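Here is what each chain is made of, one letter per residue.
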Amino acid sequence: MMDASVEYDFPEGAAPEMPEKRCYTVDDLMLILECGRRTVYDLLKKNEFRYIKLGGSGYRLSRKSFDEWVVKTSR
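Residues numbered from 1 in each chain as written. Predicted model: local features only at pLDDT ≥ 70, side-chain atom pairs only at ≥ 80, totals over all residues. Heavy atoms only, no water.

*Asks:* Could you give an account of helix H1 (residues 26–33), with specific residues and numbers?
*Replies:* Looking only at H1, the buried set comprises Val26, Asp28 and Leu29. Along H1, the residues classed as buried sweep out an arc of 155° about the axis, all on the same side. On its buried face, H1 is in contact with strand S1 (23–24), helix H2 (37–45), strand S3 (58–62) and helix H3 (63–73). Where H1 terminates, the next one or two residues include Glu34, which has phi positive at roughly 55°. (Buried < 20%, exposed > 50% of the residue type's maximum accessible area, 1.4 Å probe, protein only. Helix = DSSP H or I, 4+ residues; strand = E, 2+ residues; numbered from the N terminus. Arc of directions from axis to C-beta. Contact = heavy atoms within 4.5 Å.)

Shown next, in the form of structure tokens:
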């Protein structure tokens, strides 16, 4: 049986690196765009970028298509 209380030895103040996300959540986009939930849903409704709907766990938005959208809409 494995010990569930595994400790990792990171230098003080350091955190483990997270792999880069391939998809964003609605909450992620709210933080990135500094906007409200309604704005993100409006963008989804307009099909501004690719996304999938996962049952009760919400939307997953393609990071690649979001990044392309940002470049395309930037002035």
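*Asks:* Before we move on, can you summarise H2 with the specific residues and values?
*Replies:* Every buried residue of H2 is listed here: Val40, Leu43 and Leu44. For H2, the arc enclosing every buried residue in end-on projection is 100°, short of the 170-degree limit, so these residues lie on one face. Opposite the packed face of H2, turned more than 90 degrees from it, sit the exposed residues Arg38 and Lys45. Here the buried face of H2 lies against H1, strand S2 (51–54), S3 and H3. Looking one or two residues past H2, Asn47 carries a phi angle of roughly 55°, positive in sign.

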